[in-house]
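# Structural overview
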Amino acid sequence: MLIKKLSAEEYPRALSLVWSVFLQYEAPDYPTQELKTFKSSITDVEYLDALKMWGAYSAGRLVGVIALRNGGGHIALFFVDGTYHRRGIGRALFETALANSAGDIITVNSSPYAIEIYRRLGFMPNGPEQNTQGIRYTPMIYAKN
């Protein structure tokens, strides 16, 4: 497996993976309008310009993505192709995020689907579940040692 920082030219392929995994694992919990909200966020140029994104490759194929914003202090996107779940790809991407985060704290707004995944990585809830424009999430925090 290879993990590398993605260039802006690689973002379309990465966002295609994000959308595909989102539809498979998270979209079943959302009505149509909320799906449109998420889709518009991952196609918003200003939003994307504020991200630093890394991709995980297996046999030359992009299989996972993590994107940080706020100087590496917030995980904005974190998706791994379902065929590659439970193979350490998510953990490797997260360790890359840790290595590229300037601060001692990393936050994430976890979907209901991903809460247990973030717990296994060492995140703790940082408040109750919230809903912004129909997108449900639980704020979570990770403190570096």
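Residues numbered from 1 in each chain as written. Predicted model: local features only at pLDDT ≥ 70, side-chain atom pairs only at ≥ 80, totals over all residues. Heavy atoms only, no water.

## Remarks on the pairing of strand β8 (residues 135–143)
Relative to β8, strand β5 (residues 105–110) runs antiparallel, the two sharing 6 bridges. By the bridge assignment for β8, Thr107 is matched with Ile141. With 2 bridges joining them, strand β6 (residues 124–125) and β8 adopt antiparallel strand pairing. By the bridge assignment, Met124 is partnered in β8 with Ile141. Sheet topology note: the strand β7 (residues 130–132)/β8 ladder contains 3 bridges and is antiparallel. Bridging from a neighbouring strand, Asn131 pairs with Arg136 of β8. (Pairing = 2+ DSSP bridges. Helix = DSSP H or I, 4+ residues; strand = E, 2+ residues; numbered from the N terminus.)

## Brief notes about helix α1 (residues 11–25)
Here α1 contains 15 residues, and its C-alpha end-to-end distance of 21 Å stays within 8% of the 21 Å for a straight helix at 1.5 Å per residue. Looking at α1, one finds that the buried residues are Tyr11, Ala14, Leu15, Leu17, Val18, Trp19, Val21 and Phe22. (Expected span 1.5 Å × (residues − 1). Buried < 20%, exposed > 50% of the residue type's maximum accessible area, 1.4 Å probe, protein only.)

## Here's the deal with the packing of aromatic side chains
Evaluation of the coordinates by the stated rule reveals 10 aromatic pairs. Seen from their ring centres, Phe123 and Tyr142 are 5.4 Å apart, and the 45° between their planes marks the pair as tilted. Taken together, the residues Phe123 in the loop between α5 (115–121) and β6 and Tyr142 in strand β8 connect sequence positions 19 residues apart. Classification of Phe123 as buried rests on a relative accessible area of 0%. An aromatic cluster of three or more residues is present, and its members are Phe78, Phe94, Tyr118, Phe123 and Tyr142. (Phe/Tyr/Trp six-rings, centres within 6.5 Å; stacked < 30°, edge-to-face > 60°.)

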